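Now for the letters of each chain:
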Amino acid sequence: MYELAMFLSEPAKMVSGVEGFMYPNEVGLQWSVLIVLYPFITGLVAGAFILASLERVFHVEAVKPTYRLALLTALSFLIVAPLPLQLHLGHPERSPEMYFTPHSTSAMAMFGYVYLWYLMAVLVFEIWLDYRHDIVLLSRSSKGLLRIIYKVMTLGSDNISPRSLHIDDKVGWIVTLIGIPSAFLLHGYVGFIFGSIKANPWWSSPLMPVVFIFSAMVSGIAAVMLIYMAVTKLRKQPIDIHCVDSIAMYLFYIFIIDFSLEMLDLIHRIYEADESFRSLNFMVHTKLYFSHIVIQIILGTVTPLVLLFITQVVKLPEQVRKRMYVTSGCLAMVGIFAMRWNVVIGGQLFSKSFLGYTTYKMALVTREGSLVSIALSILPLFILWALIKLLPPWSHNQATHGAPGD
């Protein structure tokens, strides 16, 4: 009887959060917080890789201290990127079927190939080319299990002559060049998925893929900047303030472009004012007011932009700049996550008839609850720690003459 009562009370709980007229299939949200986390994580991958490409392709020497760290950061987050989707699926064991029975008209099915291409042909290959010299030396100097691991990682290529290293550098440059549009494709496809859903006016915008790409660059660059400062502090080494200043400058410029695109999309919606505008306007001023206006715009966009602007026009002490960079970086990532939340969750809170609204209550310990989301958010940092121990991203001298991870 108790189970029957719980079963009957569940629809009543869902209906209690409904306002106006909604069809039964619109009451419960199909995409949960895991689908919010998925584009956020892939955005960090794309942004971190773009920062690494500044040094490799565009020869911005100022950001060189973060080049290897950015690559390892991108790899650690890319490994975790598919996990939210796997957990969201009712039968995750069926996911390999999209590789064996591809459907060319499905953007989601094609993502599997984009993911594998970016993981193996771009990111892993570039990291291997860049680290091959260090891996060979570490395979000779290490002992025990580490020696076997490094030996396997050489893939049988132990030639580290100047000519061989020069070829590695040239091939690595080409791979990075190919990786830039690949990074845009990796995250732009997520915006394409939302932007191509004509039935949802909150998502249906040709600017959606572009906004997703630039917001990904903002979050990825901010993440690498914060990780670099934290790791350097933990290693008790001096932070290269010239490097951080340069990263903050690029973060500021890209942030301005991202904010301009979002404002352009907003102005276009206000000017067009179609039949959905009234419903969307109600959402922004009620159910999404805190997450959209307060967190995304005020705290996550305007505040970090103002802080970064001050650091660009005012000559501040080094310690003050560091604190402002940390604050602006954290707020920028919070703002980008709020943007993902407002797009994914906000786009499902109103009915297709624009006559009703529902609510989303995030569970705590379920498969798609907040604890799982927090765990998936932290997991890439543990993977990054392991990668740093295995492949130190510091200078060549530190990487080859010191113990791994020192």
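You'll find the structure just up there.
Predicted, not measured: the structure shown is a model, and the values here were computed from it.

Asker: Explain the overall build of the chain to me, please; I cannot follow it from the model alone.
Answerer: A tally of helices and strands in the chain yields 16 helices and 2 strands. The C-alpha atoms of the chain give 23 Å as radius of gyration, which agrees with the globular expectation for 406 residues (22 Å, within 12%). The principal-axis extent of the C-alpha atoms belonging to the chain is close to 70 × 55 × 40 Å. Scored against the burial criterion, the 406 residues of the chain give a buried share of 50%. Restricting the contact set of the chain to residue pairs at least 6 apart, pairs at least 24 apart contribute 78%. Surface summary for the chain: the accessible area is close to 20100 Å², and the carbon and sulfur share equals 70%. Taking the 28 positively charged and 25 negatively charged side chains of the chain as two groups, their mean positions are separated by 8 Å.

Asker: Teacher, can you tell me more about the side chain of Ser215 here?
Answerer: When you line up the elements, Ser215 lands in helix H10 (residues 208-234). A polar atom in the side chain of Ser215 sits 2.9 Å from the side chain of Arg340. Excluding anything up to four places from it in sequence, Ser215 contacts Asp258, Ile336, Met339 and Arg340.

Asker: So what exactly am I meant to see when it comes to a nonpolar patch on the surface here?
Answerer: A cluster of nonpolar side chains, namely Leu83, Leu364, Val365, Leu371, Ile374, Ile378, Leu379, Leu381 and Phe382, defines an oily patch on the protein surface of about 820 Å² accessible area. The element contributing the most residues to the nonpolar patch is helix H15 (residues 370-390), with 6 residues. Inspection of the secondary structure puts Ile378 in helix H15.

Asker: Hey, could you run me through the packing of helix H13 (residues 289-313) against helix H14 (residues 318-344) in this one?
Answerer: The relative placement of two packed helices comes down to the angle between their axes together with the axis-to-axis distance. Here H13 crosses H14 at 150°, and the two axes come no closer than 8 Å. Taken as axis vectors, H13 and H14 run roughly antiparallel relative to one another. For the pair H13 and H14, the sense of crossing is left-handed. Taken together, the residues of H14 that come into contact with H13 (itself represented by Ser291, His292, Ile295, Gln296, Leu299, Gly300, Thr303, Pro304, Leu307, Leu308, Ile310 and Thr311) are Met324, Tyr325, Thr327, Ser328, Leu331, Ala332, Val334, Gly335, Ala338, Met339, Trp341 and Asn342. Here the contact of H13 with H14 is built from residues that sort into 14 nonpolar, 10 polar and no charged.

Asker: Explain the environment of Ile79 here, please?
Answerer: In this structure, Ile79 sits in helix H4 (residues 67-80). Given the relative accessible area of 38%, Ile79 is considered partly exposed. Every residue in contact with Ile79, bar those within four places of it in the chain, is listed here: Tyr115 and Ile383.

Asker: Just checking my understanding: could you explain H13 for this structure?
Answerer: Quick reminder: α-helices carry 3.6 residues per turn. Residues three or four places apart thus point the same way. At Ile297, H13 is deflected by roughly 35°, the largest bend along its length. Among the residues of H13, those classed as buried are Ser291, His292, Ile295, Gln296, Ile297, Gly300, Thr301, Pro304, Leu305, Leu307, Leu308 and Thr311. Tucked into the core, H13 has its buried residues touching helix H11 (241-272), helix H12 (277-285) and H14.

Asker: What's the story with the pattern of salt bridges in this structure? I'm lost.
Answerer: Note that side chains of opposite charge can pair when their charged atoms are close. Tallied over the full model, the rule gives 11 salt bridges. Across the salt bridge formed by Asp130 and Arg56, the nearest N and O atoms sit 3.7 Å from each other. Remark: Arg56 occurs in helix H3 (residues 33-56) and Asp130 occurs in helix H7 (residues 107-141); sequence separation between them is 74 residues. Accessibility assignment for this pair places Asp130 and Arg56 in one class, buried. Between Arg68 and Asp130 there is a salt bridge, with the nearest N and O atoms lying 2.8 Å from each other. Of this pair, Arg68 sits in helix H4 while Asp130 sits in helix H7, placing them 62 residues apart in sequence. Residue Arg68 shares its accessibility class with Asp130, and that shared class is buried. Sharing partners across several salt bridges, the network here consists of Arg56, Arg68, Glu126, Asp130, Asp134 and Asp169.

Asker: Explain the packing of aromatic side chains here, please?
Answerer: Remark: the centre distance and the inter-plane angle together describe each pair of aromatic rings, the angle taken between the planes. What the rule picks out here adds up to 11 aromatic pairs. Taken together, the aromatic side chains of Trp31, Phe194, Trp203 and Phe212 make up a single cluster linked through ring pairs. For Arg235, the ring lying beneath its charged end belongs to Trp394, and the centroid distance is 3.8 Å. When the ring centre of Phe212 is taken as reference, the NZ or CZ atom of Arg340 above it lies at 4.6 Å.

Asker: Is there a simple way to think about the nonpolar core in this case?
Answerer: Inside soluble globular proteins, nonpolar side chains tend to come together where they are buried. Ranked by size, the top nonpolar core spans 111 residues in total, and within it Tyr118, Leu123 and Phe194 carry the most contacts. Sequence-distant contacts of Leu123, defined by excluding residues within four places in its chain, comprise Phe49, Leu71, Ala74, Leu75, Leu78 and Tyr118.

Asker: Whenever I open this one, the state of the cysteines confuses me. Can you help?
Answerer: Structurally, a disulfide amounts to a covalent bond that connects the sulfur atoms of two cysteines. Inspection of the entire model under this criterion finds 0 disulfides. Counting only cysteine sulfurs, Cys330 is the nearest neighbor of Cys243, a cysteine outside any disulfide, at a range of 17 Å. Cys243 gets classed as buried once you look at its relative accessible area, which sits at 0%.

Analysis parameters
- Residues numbered from 1 in each chain as written.
- Predicted model: local features only at pLDDT ≥ 70, side-chain atom pairs only at ≥ 80, totals over all residues.
- Heavy atoms only, no water.
- Helix = DSSP H or I, 4+ residues; strand = E, 2+ residues; numbered from the N terminus.
- Rg over C-alpha atoms; globule rule 2.2 N^0.38 Å.
- Buried < 20%, exposed > 50% of the residue type's maximum accessible area, 1.4 Å probe, protein only.
- Contact = heavy atoms within 4.5 Å.
- Areas by Shrake-Rupley, 256 points an atom, 1.4 Å probe, with all protein chains shown as cover.
- Lys, Arg positive; Asp, Glu negative; His and termini not counted.
- Charge placed at Lys NZ, Arg CZ, Asp CG, Glu CD.
- Polar contact = N/O pair within 3.5 Å; in protein donor to acceptor, adjacent residues only side chain to side chain.
- Patch = residues over 30% accessible without salt bridge, like charges linked within 9 Å, V, L, I, M, F, W, Y side chains within 5 Å.
- Salt bridge = Lys/Arg side-chain N within 4 Å of Asp/Glu carboxyl O.
- Axes fitted to C-alpha atoms, helices over the stretch in contact; angles between N-to-C directions.
- Parallel < 35°, antiparallel > 145°, perpendicular 65-115°, else oblique.
- Left-handed = near helix turned anticlockwise from the far one by under 90°.
- Nonpolar A, V, L, I, M, F, W, Y, C, P; charged D, E, K, R; others polar.
- Bend = angle between axes of the 7 residues up to and from the residue.
- Phe/Tyr/Trp six-rings, centres within 6.5 Å; stacked < 30°, edge-to-face > 60°.
- Lys NZ or Arg CZ within 6 Å of the ring centre and 35° of its normal.
- Core = buried A, V, L, I, M, F, W, Y, C linked by side-chain atoms within 4.5 Å.
- Disulfide = S-S within 2.5 Å.

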